[in-house]
Amino acid sequence: MTTTAPEHRSSRALSPRALFDVVTSAYVPLLVAVLVVLFPLLWMTLSSFKPLTEIITQTPALLPSAPTTENYATVAERLPFGRVFLNSVLVTVVGTVLKVALAVFTAYGLVFVRFPFKNWIFAGLLVTLMVPPQVALLPNYTLITALGGADTYWGIILPGLGTAFGTFLLRQHFRTLPPSLLEAAELDGAGHWRRLTRVVLPVSAPTVATVALITIVYEWNDYLWPLVIISRPEMMTLPVGLTLLANVDNRAAAYGQLMAGSVAVIVPVLIVFIALQRHIIAGLTQGAVKD
């Protein structure tokens, strides 16, 4: 009796050679990538609970032998942590809302509104993606300080409101929407605002969530511009506030406090990522599978 095709394929899929190929080509690289990403985070988190003698040692160990929260208490004493944390939350929330709103409006205009030189404007946006943000640091500083924006929230937020990447991502997604959706709304007498809020945004929620997460991570971790424009400790954001910990003692003696402060910086972003994970995966894979 001959073996059927499905049984033959099943036996090949379960063969030792097939299993070896799957493990070596997929699982091993994936495991290595996960370890490369997670091990430094794990080491940082565990080190934040270690005393200095266990951090600076010739025989380092992964787990702390005498766990302590002293590093976190020291951070709270030496840094106005509550105020600095609120500064980061405020700058991140306001900056993200404005950035995502501007990206949505710009992308909608580039796709669904007819006006001259639309392609040239989009090409100009793409050019800005190739320009390092450090190039604009000095002009932005000169402009913001001349307007009185030093040591202010709007001085931190204003220069970074333009987001070419978010506009590009949303524009490419809007171009994949079925024209019939917008045509039906237009026949019903819907203007651009209703078409955007009632049709485009509901079906684009995963992509908008992806742009929002990227913006949140960037705003929360932004270090260079807040460092330049802010000099008062009570106006600093969390990444900049960590420099106060390093400057109090020599850097080696502040390792534990820096580890604890870094954990406080990373945890909120991880929470946001977990909350938006489903939408982000859907946004990144949207359009990848076609019927």
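Whatever comes next refers back to the structure up there.
How each quantity is defined
- Residues numbered from 1 in each chain as written.
- Predicted model: local features only at pLDDT ≥ 70, side-chain atom pairs only at ≥ 80, totals over all residues.
- Heavy atoms only, no water.
- Helix = DSSP H or I, 4+ residues; strand = E, 2+ residues; numbered from the N terminus.
- Buried < 20%, exposed > 50% of the residue type's maximum accessible area, 1.4 Å probe, protein only.
- Contact = heavy atoms within 4.5 Å.
- Areas by Shrake-Rupley, 256 points an atom, 1.4 Å probe, with all protein chains shown as cover.
- Axes fitted to C-alpha atoms, helices over the stretch in contact; angles between N-to-C directions.
- Parallel < 35°, antiparallel > 145°, perpendicular 65-115°, else oblique.
- Nonpolar A, V, L, I, M, F, W, Y, C, P; charged D, E, K, R; others polar.
- 1 Å grid on protein atoms, 1.4 Å probe; cavity = no way out; pocket = protein on both sides within 12 Å on 5 of 7 lines; lining within 4 Å.
- Points joined across faces, edges and corners; volume = space filled by probe spheres on them.
- Phe/Tyr/Trp six-rings, centres within 6.5 Å; stacked < 30°, edge-to-face > 60°.
- Salt bridge = Lys/Arg side-chain N within 4 Å of Asp/Glu carboxyl O.

Novice: Got a minute to help me understand the overall build of the protein chain in this structure?
Specialist: On a plain count of helices and strands, the protein chain comes out with 15 helices and zero strands. The buried share of the protein chain, taken over its 291 residues, is 33%. A separation threshold of at least 6 residues defines the contact pool for the protein chain, and within that pool the share at least 24 residues apart is 70%. A total of about 17800 Å² of accessible surface is found on the protein chain, and carbon and sulfur atoms cover 69% of it.

Novice: Help me understand the packing of helix H11 (residues 192-203) against helix H12 (residues 205-221), please; the structure alone is not making it clear to me.
Specialist: Each pair of packed helices gets described by two things: the angle between the helix axes and the distance between those axes. Where H11 meets H12, the closest approach of the two axes is 4 Å, and the angle between their N-to-C directions is 75 degrees. Between H11 and H12, the interaxial angle falls into the category roughly perpendicular. On H12, the residues touching Leu201, Pro202 and Val203 of H11 are Ala205, Pro206 and Val208. Residues that form the contact of H11 with H12 fall into these classes: six nonpolar, no polar and no charged.

Novice: Help me out: how do you make sense of the environment of Leu52 in this one?
Specialist: As for its placement among the helices and strands, Leu52 is situated in helix H3 (residues 52-55). Classification of Leu52 by relative accessible area gives partly exposed; the value is 37%. Spatially, the C-alpha atoms of Leu52 and Asn71 are 9.1 Å apart, while their sequence positions differ by 19 residues.

Novice: Honestly, the layout of surface pockets in this entry has me stumped. Any pointers?
Specialist: Where empty space is left becomes clear once a probe the size of a water molecule has been rolled over the atoms. In this structure, the largest pocket occupies an estimated 890 Å³ of space. As for the largest pocket, its lining consists of 32 residues, of which Lys99, Pro133, Gly160, Gly162 and Tyr218 are closest to the centre. Residue assignment for the lining of the largest pocket shows that the elements contributing at least two residues are helix H5 (81-112), helix H6 (118-129), helix H7 (137-146), helix H9 (164-174), H12 and helix H13 (224-229). Within the lining of the largest pocket, the residues separate by chemical class into 19 nonpolar, ten polar and three charged.

Novice: What am I meant to see in empty space enclosed by the protein here?
Specialist: Scanning all chains against the criterion turns up one cavity of 30 Å³ or more. By volume, the largest cavity is sized at about 50 Å³. Lining the largest cavity, in full, are Ser88, Val91, Thr92, Ile156, Glu219, Trp220, Asp222, Pro226 and Thr237. Those elements that provide at least two residues to the lining of the largest cavity are H5 and H12. Ranked by the residues each element gives to the lining of the largest cavity, the list is headed by H5, at three residues. Broken down by class, the residue content of the lining of the largest cavity amounts to four nonpolar, three polar and two charged.

Novice: For this particular structure, what's the right way to read unusual backbone geometry?
Specialist: Negative phi values dominate among residues other than glycine, just as trans dominates among peptide bonds. Despite not being glycine, Phe117 shows a phi value in the positive range, around 60 degrees. Mapped onto the secondary structure, Phe117 falls in the loop between H5 and H6. Phi is positive for Asp151, close to 60 degrees, though the residue is something other than glycine. Structurally, Asp151 can be placed in the loop between H7 and helix H8 (153-157).

Novice: What's the story with the packing of aromatic side chains in this structure? I'm lost.
Specialist: Any two aromatic rings considered together are summarised by their centre-to-centre distance and by the angle between their planes. Enumeration according to the criterion identifies eight aromatic pairs in this entry. Ring geometry for Phe81 versus Phe85: centroids 6.1 Å apart, planes at 25 degrees, classification stacked. Residue Phe81 and its partner Phe85 are both found in helix H5; the two are separated by four residues, about one turn of the helix. Residue classification places Phe85 among the partly exposed positions, given a relative accessible area of 29%.

Novice: What exactly am I supposed to notice about the pattern of salt bridges here?
Specialist: Pairing between side chains becomes possible if they bear opposite charge and their charged atoms approach one another. Counted by the stated rule, this structure contains two salt bridges. As a salt-bridge pair, Lys99 and Glu219 come within 2.9 Å of each other at their nearest N and O atoms. Residue Lys99 is located in helix H5, and its partner Glu219 is located in helix H12; the two are separated by 120 residues in the primary sequence. Grouping residues by exposure puts Lys99 and Glu219 together as buried. Among the salt bridges present, the one from Glu234 reaches Arg232, with a minimum N-O distance of 2.9 Å. The exposure class assigned to Glu234 is partly exposed, which follows from its relative accessible area of 29%. Given the relative accessible area of 37%, Arg232 is considered partly exposed.

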